[in-house]
Amino acid sequence: MEFQKLVEILNELEKTSSGNAMREILAEFLVKVPVDDIAVVCYLILGQISSEYEAVVLGIADKSVLKSVAIAAGVELGKAQKIMQETGDVGLTAERVLQKKTQTLIPVGKLTLHELFDKLHKIAALTGTGSQEAKSNMLISLLQKASPSGAKYVARMALGTLRLGAGDMTLLDALSMAYTNDKKNKALLEHAYNICPDMGIIAETLAKKGLKGIEKIDIHVGRPIKMMLCQRVDELEEIEDKIPGKKAVEAKYDGERVQAHKDLKGKITLFSRRLENITLQFPDLVQELDTQVSAKEFIMEGEIIAIDKEGQHLPFQTLMQRRRKYDVKQYVKDIPIQVKLFDLLFWNGKSFLLLPYEQRMERLAKIVRKSKHVTLADKIVTEDVEELNEFFQQMLTEKYEGIIVKSLTGEYQAGTRGWNWIKWKKDYVQDLADTFDLVIVGAYHGQGRRSGTYGALLCAAYNEKEDVFETVCKLGTGLTDEVLAELPKKLSKYKVNQRPVRLKVKKEMEPEVWFEPKIVVEVLGAELTKSPFHTCGSGLALRFPRFLQFRENKKAEQATTSKEIEKMYGMK
Ligand code: ATP
């Protein structure tokens, strides 16, 4: 397929401000895409060149992109820079300068989708000395071979800012409409996507083998599974309604969730909560799992916490220092860790997802030989609410976050916030205000001490049903000087010229700067109230919000949902 065909649709999507229209345009287009191109098309629509967990990045320095654009068009860099200043977007700059490129620069032939995709992967694979120049040369040839509007998207891809606003869920909707003529089948696609979070595989399987193929998609060791999450309750007694009788009660550790995979070749891969590959950060954990777990193959989950020399656990902030690419060896020495294993998803060729918790745990306990660095989550099994509460209090004295109550018969619900796991945290009992994980979608310029940075941020919750973001507060309190200084840089990549398609916002709240929903922050709120100015749920606003921290380990779609906020409001 020619790249230009996709470009026409991308242009159309860019002009669309409604999620439903977007789904329809996509569905109509996807059904016409040759099956061998569908995977590539889906990755590109999401602004990626691989599955999200493989995270293949082009690695072109930001300043070389504009330089390449200028060279491709045969114009002075200064001219490109001037247009860049006017448009604020490298894509529009590329489109404009390339419209005027001299005929002699036009290469023969048209850019196909596969040529583009192959070249982008080649660019990504180049490393070492001279690689920046080689990357840039390849980019120049792509820019020249594309049409001016095609170059707009190529330049944005190179900079990592190709954002059409189509999220995974919107694309699954569109795929379902395109290939099954029924949006309802999205549930089946979503289920498969939870086990195989690779949009290319999902789209290609659906296009080639239909829903039968989708139903057969199974676990593949080395490919992450979307993680199961917890529900919350507002009264301890409510847990009994949801999980009656005997239940497991585990400590809730405040560390980093890890999903560890071991394949038949003995290779161990670690994934974070966001499904990023974090294997290189934790060579010590890889080694421990290798020696302490007896299994040819496994997928297991646990929480990594930092410990001191005596094995006492240390706060989350200490562990965060292990998030690094460099000096890993030194940090392994300085900040030892321990993993508290709490689930087994796959073992020696067999999926454990549908097995009850009890059976998964039984096997987990059998195959793990405990050590200082690898152990199982602390837990009790009880049906007595008093005993449950006692365990909870004990966990607080150990300085853990609280407890997670788990159904003994519950299966592992990949990618789902189900009732088989219920969290109960110290914030709930100490009657502190709730914390929310919200997505930054806009900002207002700062004044006085805050000039040059942002004075306040517009924050939103996630509406998972509609796959949109709904505003819930304007956040200006709690931003330290350090955070304020960091904000413009952190957010600049996600700046967009207009309201992101998946954002619902009232006129009164429109910010001065828009951001693609990407960055998640933890916010403490005092109260939820009805508000005509916000779009969260039935129109709810968070009063007196205070910034606590960035939630680097969360994607925008993992933010607090509007439904959760609605529920909290209903309970007040
Ligand atoms: P919070 O903001 O309260 O940490 P969250 O939104 O990050 O919650 P939840 O689904 O509410 O995620 O809580 C589950 C998280 O708790 C897991 O992602 C995991 O990192 C952590 N955790 C700690 N101990 C356990 C445990 N024993 N079992 C499962 N998850 C645990």
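Residues numbered from 1 in each chain as written. Predicted model: local features only at pLDDT ≥ 70, side-chain atom pairs only at ≥ 80, totals over all residues. Heavy atoms only, no water.

J.: Which residues make up the overall build of the protein, and what values do they have?
T.: For the protein, the helix and strand inventory stands at 21 helices and 22 strands. Taking 572 residues into account, the globule formula puts the C-alpha radius of gyration at 25 Å, and the protein, at 25 Å, falls close to it. Once the C-alpha set of the protein is aligned to its principal axes, its extents read approximately 80 × 55 × 55 Å. Of all 572 residues assigned to the protein, the portion counted as buried reaches 56%. Here the analysis covers contacts within the protein between residues at least 6 apart in sequence; of these, 72% occur between residues at least 24 apart. Per element, the accessible surface of the protein, about 26,000 Å² overall, is 50% carbon and sulfur. One way to put it: in the protein the 85 positive side-chain charges average out to a point 5 Å from where the 80 negative ones average out. (Helix = DSSP H or I, 4+ residues; strand = E, 2+ residues; numbered from the N terminus. Rg over C-alpha atoms; globule rule 2.2 N^0.38 Å. Buried < 20%, exposed > 50% of the residue type's maximum accessible area, 1.4 Å probe, protein only. Contact = heavy atoms within 4.5 Å. Areas by Shrake-Rupley, 256 points an atom, 1.4 Å probe, with all protein chains shown as cover. Lys, Arg positive; Asp, Glu negative; His and termini not counted. Charge placed at Lys NZ, Arg CZ, Asp CG, Glu CD.)

J.: An account of the pattern of salt bridges is requested, with residue identities and associated values reported.
T.: Applying the stated criterion across every chain yields a total of 34 salt bridges. When the shortest N-O distance is used, the salt bridge between Asp-378 and Lys-340 registers 3.5 Å. Residue Asp-378 is located in the loop between strand 9 (374-376) and strand 10 (379-382), and its partner Lys-340 is located in strand 7 (residues 337-347); the two are separated by 38 residues in the primary sequence. Classification of Asp-378 by relative accessible area gives partly exposed; the value is 31%. Between Glu-527 and Arg-543 there is a salt bridge whose closest N-O contact spans 3.2 Å. Separated by 16 residues along the polypeptide, Glu-527 in strand 20 (residues 527-530) and Arg-543 in strand 21 (residues 540-543) bring together distant segments of the chain. Accessibility expressed as a relative area gives 37% for Glu-527, which makes it partly exposed. Via salt bridges that share partners, Glu-14, Asp-89, Glu-95, Lys-152 and Arg-156 belong to a single interconnected network. (Salt bridge = Lys/Arg side-chain N within 4 Å of Asp/Glu carboxyl O.)

J.: Kindly report on the site of the ligand, identifying the contributing residues and their values.
T.: In the vicinity of the ligand, 19 residues are found, and the nearest of them are Cys-230, Glu-303, Lys-423, Lys-425 and Lys-554. One of the side-chain nitrogen or oxygen atoms of Lys-554 is found 2.7 Å away from an oxygen atom of the ligand. Protein chains bury 94% of the 610 Å² of accessible surface belonging to the ligand in isolation. Ranked by residue count, the leading element in the shell around the ligand is strand 12 (residues 417-425), at four residues. Partitioning the shell around the ligand into residue classes produces seven nonpolar, no polar and 12 charged. (Near = heavy atom within 4 Å. Polar contact = N/O pair within 3.5 Å; in protein donor to acceptor, adjacent residues only side chain to side chain. Nonpolar A, V, L, I, M, F, W, Y, C, P; charged D, E, K, R; others polar.)

J.: An account of the sheet that holds strand 12 is requested, with residue identities and associated values reported.
T.: A sheet is described by the order of its strands in space; here five strands give the open sequence 1-12-11-2-10, paired in mixed fashion. The open sheet is flanked by strand 1 (229-232) and strand 10, the only strands paired with a single partner. If you compare each strand with its neighbour and ignore which way they point, the axes differ by 35 degrees on average. Sheet topology note: the strand 2 (residues 247-252)/strand 11 (residues 402-407) ladder contains six bridges and is antiparallel. Among the inter-strand pairings, Ala-248 is bridged to a residue of strand 11, identified as Lys-406. Against the sheet, helix 18 (residues 385-397) makes contact with strand 2, strand 10, strand 11 and strand 12, and its axis sits at roughly 140 degrees relative to strand 11, the strand it touches most. (Pairing = 2+ DSSP bridges. Axes fitted to C-alpha atoms, helices over the stretch in contact; angles between N-to-C directions.)

J.: Give a description of the environment of Gln-338 that names residues and reports values.
T.: Structurally, the position occupied by Gln-338 is in strand 7. On the basis of relative accessible area, Gln-338 is assigned to the buried category, the value being 10%. Remark: the alpha-carbon pair of Gln-338 and His-373, spanning 35 residues in sequence, is separated by 4.1 Å. The contacts of Gln-338, once residues within four sequence positions are left out, are Glu-303, Ile-304, Ile-305, Ile-307, Lys-372, His-373 and Thr-375. Among the polar contacts made by the side chain of Gln-338, one reaches the main-chain carbonyl oxygen of Lys-372 at a distance of 3.0 Å.

J.: Please set out helix 17 (residues 357-367) residue by residue, giving values where relevant.
T.: Within helix 17, the full set of buried residues consists of Tyr-357, Arg-360, Met-361, Leu-364 and Ile-367. The buried side chains of helix 17 occupy one side of the element, clustering within an arc of 135 degrees when seen end-on. (Arc of directions from axis to C-beta.)

J.: So what's going on with the state of the cysteines? Which residues, and what values?
T.: If you walk through the whole model with that rule in mind, you get zero disulfides. Between Cys-473, a cysteine without a disulfide, and Cys-459, which holds the nearest cysteine sulfur, the sulfur-to-sulfur distance is 4.6 Å. The closest cysteine sulfur to the non-disulfide-bonded Cys-536 is located on Cys-473, 9.5 Å from its own sulfur. Given a relative accessible area of 0%, Cys-536 falls into the buried group. (Disulfide = S-S within 2.5 Å.)

J.: Pulling in residues and values, what's your account of the packing of helix 2 (residues 19-30) against helix 10 (residues 168-180)?
T.: As a packed pair, helix 2 and helix 10 sit with axes 8 Å apart at the nearest point and diverge in direction by 50 degrees. Overall, the two elements helix 2 and helix 10 adopt an arrangement that is oblique. In this structure, helix 2 crosses over helix 10, and the sense of that crossing is right-handed. Of the residues in helix 10, those in contact with Arg-23, Glu-24, Leu-26, Ala-27 and Leu-30 of helix 2 are Thr-170, Leu-171, Asp-173, Ala-174, Leu-175, Met-177, Ala-178 and Tyr-179. Grouping the constituent residues of the contact of helix 2 with helix 10 by class yields nine nonpolar, one polar and three charged. (Parallel < 35°, antiparallel > 145°, perpendicular 65-115°, else oblique. Left-handed = near helix turned anticlockwise from the far one by under 90°.)

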